[in-house]
Amino acid sequence: GVNHFMGPNNNTRKGYAWMLVILAGVAVFSFLLFLFITRWGLGLSDDSYYYVFPAQDYANGLGFHPGNHYPPLLPLLMIMPARLGVSLLEAARWMNALLFGMNLFLVGYLVWYIHRKFFAMLVAVLGLLSLGFFFELHAWLMSEALFLFFSLLGFLLLAVWLNNLRSGWLICSG
């Protein structure tokens with residue numbers, strides 16, 4: 001297959017570099033915007049308990065016991081902030097802000113990678129940024145934002161594999 005990451009001439013490379021800079025700028029702006037909007041904290045539900053307390057219990061030396069019906073990766077990621085004495089609610093807010101920016105970046109990059117159109121990438125990212133649902137998905141202390149991140153990353157790696165058919169990309173996409 002043909003590697004489309006870096007085009008055959010300098011103009012294409014410049015366009016690729018500008019696309020990355022603009023996409024990174026949108027991601028950083030979204031990260032900061034998310035932190036500002038959630039300055040009073042994330043939304044909490046009864047599920048949030050099952051993400052926060054396994055990490056807190058582990059930090060207190062009580063072992064790691066995630067709920068049977070809840071994915072354990074979010075509590076695992078929250079163990080380090082808990083061990084450092086950081087408020088888990090604040091750590092989750094920063095993690096979701098980071099995921100908000102990274103998910104926007106991944107959507108934009110995936111659209112650009114598939115279509116090679118800057119305008120399509122911009123419409124996808126700005127359209128997604130304007131959706132209240134996308135923001136709300138990240139504004140709750142739940143595992144959906146993390147799930148979306150790994151799903152988008154998997155789709156991107158699958159698209160890369162379809163482009164060059166090297167088995168490593170397919171394995172990583174799984």
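Structure: above.
What you are looking at is a predicted structure, and each value in this text was computed from that prediction instead of being measured.

Peer 1: Before we go on, may I ask you to explain the environment of Leu110 in this structure?
Peer 2: With respect to the element layout, Leu110 can be found in helix α5 (residues 88-115). Each residue touching Leu110, except ones within four places of it in the same chain, is listed here: Phe155, Leu156 and Ala159.

Peer 1: Before we go on, may I ask you to explain helix α6 (residues 118-130) in this structure?
Peer 2: Along an α-helix, a turn takes 3.6 residues, which lines up residues three or four apart on a common side. Between its first and last C-alpha, α6 extends 18 Å over 13 residues, near the 18 Å set by a 1.5 Å rise per residue. The set of residues buried in α6 consists of Met121, Val125 and Leu128. Viewed along the axis of α6, the buried residues span an arc of 70°, placing them on a single side of the element. Within α6, the exposed residues directed more than 90 degrees away from the buried face are Phe119 and Ser130.

Peer 1: What exactly am I supposed to notice about the packing of aromatic side chains here?
Peer 2: Centre-to-centre distance and the angle between the planes together describe a pair of aromatic rings. For the structure on display, the rule yields 15 aromatic pairs. Between Tyr16 and Tyr109, the ring centres sit 6.4 Å apart and the planes meet at 75°, which makes this aromatic pair edge-to-face. In this pair, Tyr16 sits in helix α1 (residues 10-37) while Tyr109 sits in helix α5, placing the two residues 93 residues apart along the sequence. On the numbers, 4.6 Å between centres and 35° between planes, the contact of Tyr49 with Phe53 is tilted. Of this pair, Tyr49 and Phe53 are both found in helix α2 (residues 46-59), four residues apart, which corresponds to roughly one turn of the helix. By relative accessible area, which is 47% here, Tyr49 ends up partly exposed. Feature note: the residues Tyr16, Phe105, Tyr109, Trp112 and Tyr113 constitute an aromatic cluster, connected by ring pairs. Geometry around Phe36 places Arg39 over its ring, the cationic atom sitting 4.1 Å from the centre. One Lys or Arg, Arg116, reaches over the ring of Trp112 and ends 4.6 Å from the middle of that ring.

Basis of the calculations
Residues numbered from 1 in each chain as written. Predicted model: local features only at pLDDT ≥ 70, side-chain atom pairs only at ≥ 80, totals over all residues. Heavy atoms only, no water. Helix = DSSP H or I, 4+ residues; strand = E, 2+ residues; numbered from the N terminus. Contact = heavy atoms within 4.5 Å. Expected span 1.5 Å × (residues − 1). Buried < 20%, exposed > 50% of the residue type's maximum accessible area, 1.4 Å probe, protein only. Arc of directions from axis to C-beta. Phe/Tyr/Trp six-rings, centres within 6.5 Å; stacked < 30°, edge-to-face > 60°. Lys NZ or Arg CZ within 6 Å of the ring centre and 35° of its normal.

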